[in-house]
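Here is how the chains run, residue by residue.
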Protein chains: 2
Amino acid sequence: MAPVKVFGSAAFTNVARVLVCLEEVGAEYEIVDIDFHVREHKGPEHLARNPFGQVPAFQDGDLMLFQSRAISPYVLRKYKTSADDEAVNLLREGSPEESALVDAWLDVEALRYDPAMNSVFVQHRVVPALGGTPDEEVIGESVEKLREVLDVYEARLAKHRYLAGDFVSLADLSHFPEAHYFMEMPYAAVFDSYPRVRAWLEDIFSRPAVKKVVELMSKDFH
Amino acid sequence: MAPVKVFGSAAFTNVARVLVCLEEVGAEYEIVDIDFHVREHKGPEHLARNPFGQVPAFQDGDLMLFQSRAISPYVLRKYKTSADDEAVNLLREGSPEESALVDAWLDVEALRYDPAMNSVFVQHRVVPALGGTPDEEVIGESVEKLREVLDVYEARLAKHRYLAGDFVSLADLSHFPEAHYFMEMPYAAVFDSYPRVRAWLEDIFSRPAVKKVVELMSKDFH
């Protein structure tokens, strides 16, 4: 079986989300870099893979997919050896209730956590790299939105070990790529008020699959 | 079996998304209004249902859920009579490829289409209702973002009858609540440049389940 292909480098948080799923299930995969400097992402070949001209795109034989939160469940389903295999049971699809809770907290990550984190990253890292000045007001508002999310997480993690319940899931893993960059920024101090969130993140970062992808991210980020 | 409960009125697009799934599968349900005027949504009882103090929340026996794009698949799975029942096969989970494509286009709806549509709605309807003046610059930017999404949809719908393929899915249905309000606004003219998108929306709006929920939305919006 030819290995699946992931288009886009690990430095992109949405690519890292897919890679960690592939690492968790131990799948063979090939990363195909897309050269943003020559606008390869907006070329016809890549637009056929991802109509929005972004990364990741994902290829498994005849199937071409985009959107990291659609690719990730596909990967986890494809390589799941059995419903009882805890090691790769990151969707909990054996239980309608548990899998709905995984969906709910993954949606929170996508719609609340990620936009707040990413907005800070863009202002603090991307804007200066392009010669601009970070908008401190935008950063302040985003950190405030992040706090609202972390308030809810801290309360949730007082009741359960992970977001969707007492089991690790894709909903948890999906948080690490943005956190990886955020923790290197001065704003990381915001997490000091959230000891349970901090411990939960440490738990996620201690997973071998996450360590492997963090390594790839660091290598690619330049 | 006690009917499931949906907390929040049909006028909220995220509530309407859940209701249309219940209508599609012909489930019994009860709508429990949350009184925003007395801040019931931020009271302890509702925060126990939805930790972000928003609607919808959803109760099925002991299970309490939030996030409409997590509740909707749960509803569709619960009442699915068989994998071959086309009438309620809106997730296509019998095929890993098709269900991944449904996930991908649902993600596009959540992350690209909905924020652009909703931003216009907030400026045009909510801001004046609160005594403010719509920010035309924000509206212009949002309409531009919407156009980028519709460009992709128009091309996609040239190849397939629906977003995820030649079958209707949750990814399509999920678009109607925002479209219902948008089509009553002067900005609706933007859709004139997208004849395939227009026809696709008309197809969705012609579904009995959608008609039923549109009726509930119109009754509740005041």
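Being a predicted model, the structure only gives us computed values, none of them experimental.

Asker: Would you explain the pattern of salt bridges in this entry?
Answerer: Residues and elements named next belong to chain B. For the structure on display, the rule yields 32 salt bridges over all chains. A salt bridge links K78 to D60; the shortest N-O distance between them is 2.9 Å. Highlighted residues: K78 in helix 3 (residues 68–78) and D60 in strand 3 (residues 57–60), separated in sequence by 18 residues. When its relative accessible area of 14% is taken as the criterion, D60 is described as buried. We note a salt bridge from E93 to R77, for which the minimum N-O separation is 2.8 Å. Highlighted residues: E93 in the loop between helix 3 and helix 4 (96–129) and R77 in helix 3, separated in sequence by 16 residues. Classification of E93 as partly exposed rests on a relative accessible area of 36%. For R77, a relative accessible area of 24% puts it in the partly exposed group.

Asker: Any chance you could explain the relation of the copies chain A and chain B here in plain terms?
Answerer: Note: a rotation about an axis with an accompanying shift along it relates these two copies of the chain. Overlaying chain A with chain B gives an RMSD of 0.0 Å, the required rotation being 180° about an axis along which the chain moves by 0.0 Å. A rotation of that kind, with that shift, is consistent with a two-fold axis. If distances are taken from each C-alpha of chain A to the rotation axis, the shortest is found for L111 of chain A, at 3.6 Å. Of the interface residues in chain A, 100% have counterparts in chain B that sit at the interface too, so the contact is made through matching surfaces.

Asker: Which parts of the structure should I look at to understand the sheet that holds strand 2 (residues 29–32) of chain A?
Answerer: Paired through backbone hydrogen bonds, the strands of a sheet run either parallel or antiparallel to each other. Residues and elements named next belong to chain A. If you walk across this open sheet you meet the 4 strands as 2-1-3-4, and the pairing is mixed. Sheet topology places strand 2 and strand 4 (63–66) at the edges, where each strand pairs with a single neighbour. Taking each pair of neighbouring strands and ignoring which way they run, the sheet shows an average axis angle of 20°. The strands touched by helix 1 (residues 13–25) within the sheet are strand 1 (4–7), strand 2 and strand 3 (57–60), with strand 1 carrying the most contacts at an inclination of about 155°.

Rules of the game
- Residues numbered from 1 in each chain as written.
- Chains lettered and ligands numbered in written order.
- Predicted model: local features only at pLDDT ≥ 70, side-chain atom pairs only at ≥ 80, totals over all residues.
- Heavy atoms only, no water.
- Salt bridge = Lys/Arg side-chain N within 4 Å of Asp/Glu carboxyl O.
- Helix = DSSP H or I, 4+ residues; strand = E, 2+ residues; numbered from the N terminus.
- Buried < 20%, exposed > 50% of the residue type's maximum accessible area, 1.4 Å probe, protein only.
- Least-squares fit on C-alpha atoms with pLDDT ≥ 70 in both.
- Contact = heavy atoms within 4.5 Å.
- Pairing = 2+ DSSP bridges.
- Axes fitted to C-alpha atoms, helices over the stretch in contact; angles between N-to-C directions.

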